[in-house]
Amino acid sequence: MTEDFKLAGVMGWPITQSRSPILHNYWIEKYNLNGRYVPLAVKPERLADAIRGLPALGFRGCNLTMPHKQFAMTMVDSLTDTAKRIGAINCIVVDDDGKMSGTNNDGNGYVLSVQEVAPHWKPSDGPIAILGAGGAARAIIVALLERGAKEVRVINRTFDKAVALAKEFHPVIKSMPWDKRSDAIDDVTLLVNATNQGMIGKPALDISLDKLSSRTLVSDLIYVPPETAFLAAAKARGNVTINGLGMLLHQARPAFQAWFGILPEITRELRVKIMDTFKS
Ligand code: NAP
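Quick caveat: nothing in here was measured; it's all calculated off a predicted structure.

### Let's talk about the sheet that holds strand β7 (residues 128–131)
Then comes step 1: Read from one edge to the other, the open sheet built from six strands follows the order β9-β8-β7-β10-β11-β12, with strand pairing classed as parallel. Single-partner strands in this sheet number two, and they are β9 (173–177) and β12 (241–242).

Structure, rendered in structure tokens:
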């Protein structure tokens, strides 16, 4: 390692499931950079120490994943407005003076992943329905609001969480009870599964798509499996579908640029490389 060796990583607990090292190291090699992106297994009680150590260890920054996205906010010197609105960060950038800024690229990455498949779609085109009201749903809601969405229906199993989001982001966000999920989607331009239902090891998302227009874009944040039963059902009806891999890839690009100085390309080879890691 030399002094111009650029280091970044991802902090989480556990961390072995993260595909971010494969993704960023693919780009480091592709662009012939002198650096490495490393998995950092950090227990919640050691997070403050770990973040404080980043500048001294020569890190350009890091990603944050479960369960650190919220507490890490309190450890940085500055936050972007988007990160403040989301209430969580997924990325720290260390500047040349050792100051740390916190950002959250999840929601932006999500919108770009939809527009990659449907370039003409805009959040302001019409109503949007999101199933789920957890951290990922919140990041997406903020990105949709920042891009002019006019109506976003949040439909969640625990209704109180949807109501709280509707109150906070009034009047664009509307809360809907979980038992109305199959009816609240008839006129939406985009339907998003932001629950964990359909993920490998979990039951399929329980929803009827009978009322859905065939013009609705249907997306699932899950990418393992690459096509959930929800996406397969939508595709069989003729809807355009988008899985969660694009969100992972698109949130990573601006972080890589901030740390390594190059805005990297998302290639088919990269997509295949990541999905191959899920084959046993
Ligand atoms: P989270 O904060 O734990 O939220 C989980 C959500 O799933 C909540 O709305 C929860 O509802 C709902 N849920 C859980 N069990 C349910 C059930 N049996 N029936 C209906 N709803 C149920 O998790 P998150 O971080 O937001 O992640 C949500 C999903 O997005 C996960 O599948 C995750 O893998 C995926 N994700 C993907 C990316 C990507 O880059 N593609 C990034 C982040 C997350 P309650 O409020 O009722 O518990």
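So that's the structure; there's more coming.
### Thoughts on the site of the ligand
Then comes step 1: Near the ligand you find 21 residues, and of these Ala136, Asn156, Thr158, Lys161 and Gly244 are the closest.
Then comes step 2: A distance of 2.5 Å is found between an oxygen atom of the ligand and a side-chain nitrogen or oxygen belonging to Thr158.
Then comes step 3: Taking 910 Å² as the accessible area of the ligand by itself, protein coverage stands at 76%.
Then comes step 4: When each cavity is represented as a set of grid points, the ligand is found to reside in the largest pocket.

### Concerning the nonpolar core
Then comes step 1: Core analysis: the biggest nonpolar cluster contains 33 residues, and Tyr110, Trp121, Ile130, Leu144, Val152 and Ile173 have the highest contact counts within it.
Then comes step 2: Of all the secondary-structure elements, those providing two or more residues to this core are α4 (106–117), β7, α5 (135–146), β8 (152–156), α6 (159–168) and β10 (190–193).
Then comes step 3: Formed jointly, this core draws a minimum of three residues from each of two domains, domain 1 (6–105 + 246–276) and domain 2 (119–239).
Then comes step 4: Ignoring anything within four residues of it in the chain, the contact list for Val152 reads Ile128, Ile130, Leu144, Val172, Ile173 and Lys174.

### Comments concerning the packing of helix α1 (residues 20–30) against helix α9 (residues 268–276)
Then comes step 1: Axis separation between α1 and α9 bottoms out at 10 Å; the angle between their running directions is 145°. Seen from above, α1 lies across α9 with right-handed handedness. Contacts between α1 and α9 involve Ile22, Leu23, Tyr26 and Trp27 from the former and Glu269, Leu270, Lys273 and Ile274 from the latter.

### Remarks on the pattern of salt bridges
Then comes step 1: Under the defined criterion, the tally for this structure stands at 18 salt bridges.
Then comes step 2: In this structure, Arg147 and Glu146 form a salt bridge, with 3.9 Å as the shortest nitrogen-oxygen distance.
Then comes step 3: A relative accessible area of 34% means that Glu146 is categorised as partly exposed.
Then comes step 4: Asp179 is the salt-bridge partner of Lys180, the closest N and O atoms lying 3.9 Å from each other.

What counts and what doesn't
Residues numbered from 1 in each chain as written. Predicted model: local features only at pLDDT ≥ 70, side-chain atom pairs only at ≥ 80, totals over all residues. Heavy atoms only, no water. Pairing = 2+ DSSP bridges. Helix = DSSP H or I, 4+ residues; strand = E, 2+ residues; numbered from the N terminus. Near = heavy atom within 4 Å. Polar contact = N/O pair within 3.5 Å; in protein donor to acceptor, adjacent residues only side chain to side chain. Areas by Shrake-Rupley, 256 points an atom, 1.4 Å probe, with all protein chains shown as cover. 1 Å grid on protein atoms, 1.4 Å probe; cavity = no way out; pocket = protein on both sides within 12 Å on 5 of 7 lines; lining within 4 Å. Sits in = over half its atoms within 2 Å of the grid points. Core = buried A, V, L, I, M, F, W, Y, C linked by side-chain atoms within 4.5 Å. Buried < 20%, exposed > 50% of the residue type's maximum accessible area, 1.4 Å probe, protein only. Domains from an automatic or database assignment. Contact = heavy atoms within 4.5 Å. Axes fitted to C-alpha atoms, helices over the stretch in contact; angles between N-to-C directions. Left-handed = near helix turned anticlockwise from the far one by under 90°. Salt bridge = Lys/Arg side-chain N within 4 Å of Asp/Glu carboxyl O.

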